Every structure is written in C-alpha cells, then in structure tokens.
Amino acid sequence: MNTTVESPVTLHRPAKTVPAISDRWPVADVQALLDLPLPELMHRAQTVHREHHDPTHMELATLLSIKTGGCPEDCGYCPQSVHHETGVAATKMMTPEAVREAVLGAKAAGASRFCMGAAWRAPTDRDLEKVEELVRVVKDEGLEACCTLGMLTGDQAQRLKGAGLDYYNHNLDTAPELYGNVISTRDYQDRLDTLAQVREAGISVCSGGIVGMGESRAGRAGLIAQLANLSPYPESVPINHLVKVPGTPLADEPDLDPLEFVRTVAVARITMPRAKVRLSAGRRQMDESTQALCFLAGANSIFYGDKLLVTGNADVEADQQLLARMGMHTTRAHA
Ligand code: SAM
Ligand code: DTB
Ligand code: SF4
C-alpha cells in the first residue's frame, strides 16, 4: 500500500453511464488504515493534508433546503421521507427572490459555497428549469453553486452545467453491503449512475456518506473504499455524522465513539488527497475538541449557517470563534 500514489488503475467499461471504478484502494487496505494506532493515523493524514492543502484553511459552505419534505424515498436516516413521522411539513419550491436573500445572507456571513437541497427522488424537467434559475442566482452573487436534487439523467446534468453549476452532491451514504439495510427505494447502482452522469457533464462531484448508522469499522472501510476508487475520486467528500431524528428508523442508534469519526475523516483524507473533505452533518451534537481533531485529521470544509436542511447546525458565532482560536482562515466570495 502506498498512501501517496495518485494514478488509479482504471478498468475500462463499455457504457457511458457506468462509472469508472479503480482498484486503487482495496477495502482491506482502507480497513488497515482505520485500524492504525491513532497517533500514527493522524501523522499520516496530516502529512498527506500538507502535501495538497493549506492546513490552516477552511472552506465554508452554506446549505439551503429549496424544497422540503414529502419525499417518496425511504432513506432510514432522513427526516424528509414520507415513510417516517418526523413532523417535517412538505413545502413548495422556494422562489428565486427568497433564494437570493438566503445567498446574500450566506455571503455576508463569509460562505464561499452555496448548496441547495431538494427532497426529491429525482427532479422532473419542470423542476429542473426552476433550479437552473436558482443556480444563476447563486452564480450572480459570486458564490460557488452546488445542488443535491436526487437522481439525474445525462440531459439534466448537462442543463445544470449550462446554468453554471459547479458541484453536484449525491452521496453513496454507506458501504454497498449495508446499503439495503438503510434504503430500499433505489439501489447503489442508481447512485453510481448519477455520479457518472454528473462527471460526464463536467460538473465537479461531491459525494460522501454517513457514519454512525450502526456500521462496524469494516462498514466504514467499505464506504471510503467505494469513494476512493471512483475514478477520478470526488472533488468534495462530505463525511456526515448521523443526526438522529425522532420518528426515523435510526433515531435510537447507539452513539458512535467520537474517535471513530475522527479516524474516518483521517482515512478519507489519506485515500482522497486532493479532495475537500467536509465535516458535514452532526457538528451541533459534537464537542469542539472532536471537531478540532477532525480539522487536524484533514477536514477542510464545514457546513456553515444556522441550519443544515431541516435540522439545526452548529452555531455560527461558535464556529467563527473555534476557527479563530485554532488560527484558521477562510476565503470570502467576491462579486
Ligand atoms: N433528496 C436528495 C437525495 O437524497 O439524493 C438530496 C437531499 S438528501 C437530504 C442529501 C443527503 O443528506 C443524503 O444523501 C444523506 O447523506 C444526508 N442526510 C440526510 N439525512 C441525514 C441525517 N439525519 N444525518 C446525516 N446525514 C443525513
Ligand atoms: C451532505 O452530505 N450533507 C448535507 C448535504 N450533503 C445535502 C445534508 C445533511 C442533512 C442533515 C439532516 C437534515 O437537516 O436534514
Ligand atoms: Fe428523500 Fe433525499 Fe431524504 Fe432520501 S435523503 S428521503 S431521497 S430527501
């Protein structure tokens, strides 16, 4: 195993929609990293981080739910699924005016990326037209634009690219062998196909997963290996800690040892050296020392703002203070 080798051995696949998968990171090698003594793992992660990034820099991305609730999918972690009674009301899509206001707020607070999420299995072509307009609003204000709207066709991906979309978020969520325990309404291959469409359209890929859903280390190794073996691997890798929402099937999952979360971040950093690794959902429930360890392990992006999609995020002032106390800096959007 060589932690700095970057050129994947790509297997050639016939159809356009089949994603390129490399065998750069066998699951056993990823698991071996997760199993390292923590001081050794942190040293390796920090070494890789410094080779590719300024370790004092943090990216700030703000999330907005542009269409909330009423989703037909049955993702076991998600408060927006119609299959779970969580008290989240379904809304219509937000107007461009309301989105612009949110973008201006995020920009004033210092975010450089704006990510719009919709509780859809997949957008209709009419939905997509409206989203294209929202992407233009974000780009007008000088922020990087990201969307997460569910499954996309190739044509839809091309249209989003045409509107100026920089990133598309679509998570693999968990290891292939655990996926069926969490979601039954779409399969792993659907997700890989959407990622391939996004890549094909020339949009940067944002894809990660959720940790703390009852998986073992082997499960976390399976998720990281899948992501790291995408060829090329995603430009952005959100590592979410499960937010346990009452009414969802995963609401009573036992707590994960915070150091297991830190290990997962470190291994994402080592296996995907150039990616932005985002410490995503779950920071509100995480103490500051754990967050700081995640930053030291190579997380260089956070969700920043009062809310994630429907649940609360870490407090903005507390985030600013933590970054200042750590001597870390961010990049502001300009337009
Ligand atoms: N509906 C679209 C889809 O699922 O493709 C986009 C929005 S969906 C909410 C985006 C991602 O949020 C999910 O793939 C999952 O990784 C994450 N997520 C949702 N609920 C979560 C929770 N309770 N805790 C942590 N992450 C969560
Ligand atoms: C991602 O990986 N995490 C974000 C974003 N991509 C869309 C979503 C987190 C959702 C957390 C629970 C909620 O507020 O709905
Ligand atoms: Fe729907 Fe996305 Fe939630 Fe799954 S994660 S239920 S697809 S909003």
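Residues numbered from 1 in each chain as written. Chains lettered and ligands numbered in written order. Predicted model: local features only at pLDDT ≥ 70, side-chain atom pairs only at ≥ 80, totals over all residues. Heavy atoms only, no water.

**Examining the overall build of the chain**
For clarity, the cut-off: The numbering of helices and of strands both runs from the N terminus, where a helix is a DSSP run of H or I of at least 4 residues and a strand a run of E of at least 2. For a compact globule the rule gives 2.2 Å times the number of residues to the power 0.38, and the radius of gyration it is set against comes from C-alpha atoms. In this analysis, two residues are considered to be in contact whenever any of their non-hydrogen atoms come within 4.5 Å of each other. Per-residue and other accessible areas were derived by the Shrake-Rupley procedure at a 1.4 Å probe size, with only the shown protein chains allowed to occlude residues. Note that His is not counted, nor are the chain ends; the positive residues are Lys and Arg, and the negative ones are Asp and Glu. Charge positions come from single atoms, namely NZ of Lys, CZ of Arg, CG of Asp or CD of Glu.
For the chain, the count of helices and strands is 11 helices and 9 strands. For 335 residues, the compact-globule formula gives about 20 Å, and the C-alpha radius of gyration of the chain, at 19 Å, lands near that figure. Along the first, second and third principal axes, the C-alpha atoms of the chain reach 50 × 50 × 40 Å. In the chain, the proportion of contacts linking residues at least 24 apart, taken out of those at least 6 apart, comes to 75%. In the structure as shown, the chain presents an accessible area of about 13,800 Å², 52% of it carried by carbon and sulfur atoms. Side chains of the chain carry 33 positive and 42 negative charges; the gap between the two charge centres is 3 Å.

**Notes on the pattern of salt bridges**
Rules: Put simply, a salt bridge is a Lys or Arg side-chain nitrogen that is within 4 Å of an Asp or Glu carboxyl oxygen. With a 1.4 Å probe rolled over the protein chains alone, any residue whose accessible area is under 20% of its type maximum counts as buried; one over 50% counts as exposed, and the rest are partly exposed.
Summed over all chains, the structure comprises 23 salt bridges. Note that Glu73 is salt-bridged to Arg121, the shortest N-O span being 3.0 Å. Within this pair, whereas Glu73 is found in the loop between strand E1 (59-67) and helix H3 (96-109), its partner Arg121 is found in the loop between strand E2 (113-118) and helix H4 (125-140), the two being separated by 48 residues in sequence. Using a relative accessible area of 32% as the deciding quantity, one classes Arg121 as partly exposed. In this structure, the salt-bridge partner of Arg325 is Glu288, at a minimum N-O distance of 2.8 Å. One end of the pair, Arg325, is in helix H11 (residues 316-325); the other, Glu288, is in helix H10 (residues 288-296), with 37 residues separating them in the sequence. Owing to a relative accessible area of 61%, Arg325 belongs among the exposed residues under this scheme. Bridged by salt links that share partners, the residues Asp35, Glu215, Arg217, Arg220, Glu260 and Arg263 form one connected network.

**Quick look at the packing of aromatic side chains**
Quick reminder of the rule: Classification of ring pairs uses Phe, Tyr and Trp, with its six-membered ring standing for Trp, and accepts pairs whose centres are within 6.5 Å; under 30 degrees between planes counts as stacked, over 60 as edge-to-face, and the remaining range as tilted. Criterion for a charge above a ring: Arg CZ or Lys NZ at most 6 Å from the ring centre, at most 35 degrees from the ring normal.
Summed over the entire model, instances satisfying the criterion amount to 1 aromatic pair. Both rings, one in Tyr179 and one in Tyr188, keep their centres 5.3 Å apart while their planes meet at 85°; by these two values the pair is edge-to-face. For the pair shown, Tyr179 and Tyr188 are each scored as buried. Note that Arg113 overlies the ring of Tyr167, its terminal NZ or CZ placed 3.6 Å from the centroid. Above the plane of the ring of Phe303 lies Arg278, whose end atom (NZ or CZ) is 5.1 Å from the centre.

**Points about the packing of helix H1 (residues 27-34) against helix H8 (residues 217-228)**
Geometry of a packed helix pair, given as the angle between the helix axes and the separation of the axes. Inclusion rule: A fitted line through C-alpha atoms serves as each axis, taken over the contacting stretch for helices, and the angle formed by two N-to-C directions is quoted from 0 to 180°. Orientation categories follow fixed angle ranges, with anything under 35 degrees roughly parallel, anything over 145 roughly antiparallel, 65 to 115 roughly perpendicular, and all other angles oblique. Working rule for handedness: look at the near helix, and if it is turned counterclockwise from the far one by less than a right angle, call the crossing left-handed; if clockwise, right-handed. Only Asp, Glu, Lys and Arg are considered charged in this grouping, and only Ala, Val, Leu, Ile, Met, Phe, Trp, Tyr, Cys and Pro are considered nonpolar; every other residue, Gly among them, is considered polar.
Two elements in contact, H1 and H8, have axes separated by 8 Å at closest approach and are oriented at 120°. Taken as axis vectors, H1 and H8 run oblique relative to one another. Where H1 crosses over H8, the two elements pack in a sense that is right-handed. Here Val27, Val30, Gln31 and Leu34 of H1 come into contact with H8, specifically with Arg217, Ala218, Arg220, Ala221, Gly222, Ile224 and Ala225. Per-class residue counts for the contact of H1 with H8 are 7 nonpolar, 2 polar and 2 charged.

**Topic: the pairing of E1**
Looking along a regular strand, one sees side chains alternate from face to face of the sheet. For clarity, the cut-off: When DSSP finds two or more bridges between two strands, those strands count as paired. We call a crossover right-handed when, viewed with both strands directed away from the observer, the connection leading from the first strand over the helix to the second proceeds clockwise.
E1 sits mainly inside the fold: 9 of its 9 residues count as buried. Relative to strand E9 (residues 301-303), E1 runs parallel, the two sharing 3 bridges. Residue pairing across strands places Leu60 opposite Ile302, the latter belonging to E9. In this structure, E1 lies alongside E2, joined through 6 bridges in parallel fashion. Note that in E2 the partner of Ser65 across the bridge is Gly117. The parallel pair E1 and E2, bridged by H3, forms a crossover whose chirality is right-handed.

**Regarding the confidence of the model for the chain**
For the record, the criterion: What pLDDT conveys is the predictor's confidence in a given residue, as a value from 0 to 100.
Here the chain shows a mean pLDDT of 94. Residues at 70 or above account for 94%. Within the model, the stretch residues 1-16 combines pLDDT values under 50 with 33 contacts to residues more than four positions away or in other chains.

**Considerations on the site of ligand 3**
Put simply, the test is: It suffices for a single heavy atom of a residue to lie within 4 Å of a molecule or strand for the residue to be listed as near it.
Close contacts around ligand 3 come from Cys71, Glu73, Cys75, Tyr77, Cys78, Ser81, Ala119, Trp120 and Arg186, and that covers them all. Partitioning the shell around ligand 3 into residue classes produces 6 nonpolar, 1 polar and 2 charged.

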